[in-house]
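# Observations on chain architecture
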Amino acid sequence: MKLSKYTLTDEEYQEILAFKRDMHMHPELSGAEFETTQKIRSFMESHNDFEVLDLPVETGLIARICGDIEGPEIMLRADIDALPQNEAYESEWKSVVPGVMHACGHDFHTSALLGASLLLAKAKKEGQFRGIVDLVFQPAEEGTTGARKLINAGLFDLIRPEAVFGMHNWPSVETGKVVCREGALMSAKCNFEIRIFGSGGHGSMPHLNIDPIVCSGAVIQSLQSVVSRNISPLDNIVLSINMIEGGRPANIVADQVMMKATVRSLSEEALDRAIERVKAIVEQTAFAYECRAEIIWSERIPLVYNSPEMTGYARAVAAAAGCELSDAPPSLASEDFALYRQFAPSFFYWTGSTAEGDPVEDLHRPQFHTDDSALYHAAALYAASVLEYRR
Ligand code: NI
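Presented here is an overview of the structure given in this document. What you see is a predicted model, and the numbers here were worked out from it, not measured in a lab.

### Digging into the overall build of the protein
Counting its regular elements, the protein contains 9 helices and 16 strands. In terms of overall dimensions, the protein is globule-like: its C-alpha atoms have a radius of gyration of 23 Å, near the 21 Å expected for 391 residues. Along the longest, intermediate and shortest principal axes, the C-alpha atoms of the protein span 80 × 45 × 45 Å. A total of 391 residues make up the protein; the buried ones form 54% of that total. Within the protein, contacts between residues at least 6 apart in sequence are counted, and of these 82% link residues at least 24 apart. Surface summary for the protein: the accessible area is close to 16,900 Å², and the carbon and sulfur share equals 49%. Taking the average place of the 34 positive charges on the side chains of the protein and the average place of its 55 negative ones, the gap between the two points comes to 4 Å.

Following this line, the structure appears as structure tokens:
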């Protein structure tokens, strides 16, 4: 491993590794991260350089450390929630909660940020740290609702950062490397629910009823044309209907059908156009089949976008943290980290998290796991993002 002045000591590393393994064993779903929040609070309180700020949220936590010298206020963000799935990867710290698993490595992010907090406290003791750092442990990233919760609870009344940094572990990249990609990194997205209302009755008398199932079939088929016919082939976009529900017995025409879908793109303009087409196709297909349709849109999440200025800075940070730069294509996964960019310039790292030579187990898979030694690099990146700022 390449050492830098931001490398954790063995003792510091063991402390956050123990935290990570405990968090991994006891994962909690989005919005229910009560114990996790409590454990982060205990960690912060056991190191007396930190003040836990008072934000009225049930889960998640904001902690602050102030340098003795005046300087910029910077926010570092990690997410803390887990996913509803069974863990298949065998280890001593395998999840003990059936059906819940840290399959996206948010335990890694949380522990890395705790590691960075130790580095910042050390820098403060050495008189090397100026300004204010706000450590934001965000709940409910998986449904992309947690950032909004914090914002609505007054996060940016409480803190006034001039820059925001976040990261995600990236299994396809080796430990020790980091992706500092300029431009669109992760997709803009809008989830939506479609409800098609018909009029149910006896299955043998279709002419007396209005069948929302046949209409839904037409809607599903027609929506395929949004990506293939309405969007430039040069734009990256995906539209998927991932859930459908309607009807019960074989002899009754259903009253209504409900579908859940997502549309996402690396171009905000392409997403605008897709949303416009979804509305028209759903409403007018329903009309053609004598049904009525409703679309319920979730909050639109913008692109995770790294500006040229912030990318230039991030690459310098990566070098100072002893990380090698790596390249990876952007992803159509989304991240509600994107919402923070409305409040301050932001940068999002992808930190390599698979040991050299190991098979890649990607995010959200039952076999997913992170190479723990990548915590050294992740903690260094978070800390260096602050300590290298405007030097
Ligand atoms: Ni994630």
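### Examining the side chain of Ser385
Looking at the secondary structure, you find Ser385 in helix 9 (residues 374-387). Engagement of the side chain of Ser385 in a polar contact is seen with the side chain of Tyr349, the distance being 2.8 Å. Sequence-distant contacts of Ser385, defined by excluding residues within four places in its chain, comprise Ile74, Leu76, Phe165, Tyr313, Val317 and Tyr349.

### Focus: the pattern of salt bridges
Per the counting criterion, the structure on display carries 22 salt bridges. Lys20 is the salt-bridge partner of Asp372, the closest N and O atoms lying 2.8 Å from each other. One end of the pair, Asp372, is in the loop between strand 16 (346-354) and helix 9; the other, Lys20, is in helix 1 (residues 10-25), with 352 residues separating them in the sequence. In this structure, Asp79 and Arg77 form a salt bridge, with 3.8 Å as the shortest nitrogen-oxygen distance. The exposure class assigned to Asp79 is buried, which follows from its relative accessible area of 0%.

### Considering the coordination of the nickel ion
Each angle at a metal carrying four tetrahedral donors should ideally be 109.5 degrees, and each at a metal carrying six octahedral donors should ideally be 90 or 180 degrees. Looking at the nickel ion, one finds its protein donor set to be Cys104 (SG), His106 (NE2) and His168 (NE2), positioned 2.1 to 2.2 Å from the metal centre. Mapping the donors of the nickel ion onto the primary sequence yields the spacing C-x1-H-x61-H. Take His106: its relative accessible area is 0%, and that puts it in the buried class.

Analysis parameters
Residues numbered from 1 in each chain as written. Predicted model: local features only at pLDDT ≥ 70, side-chain atom pairs only at ≥ 80, totals over all residues. Heavy atoms only, no water. Helix = DSSP H or I, 4+ residues; strand = E, 2+ residues; numbered from the N terminus. Rg over C-alpha atoms; globule rule 2.2 N^0.38 Å. Buried < 20%, exposed > 50% of the residue type's maximum accessible area, 1.4 Å probe, protein only. Contact = heavy atoms within 4.5 Å. Areas by Shrake-Rupley, 256 points an atom, 1.4 Å probe, with all protein chains shown as cover. Lys, Arg positive; Asp, Glu negative; His and termini not counted. Charge placed at Lys NZ, Arg CZ, Asp CG, Glu CD. Polar contact = N/O pair within 3.5 Å; in protein donor to acceptor, adjacent residues only side chain to side chain. Salt bridge = Lys/Arg side-chain N within 4 Å of Asp/Glu carboxyl O. Donors = N, O, S within 2.8 Å, 3.2 Å for Na, K, Ca; no water.

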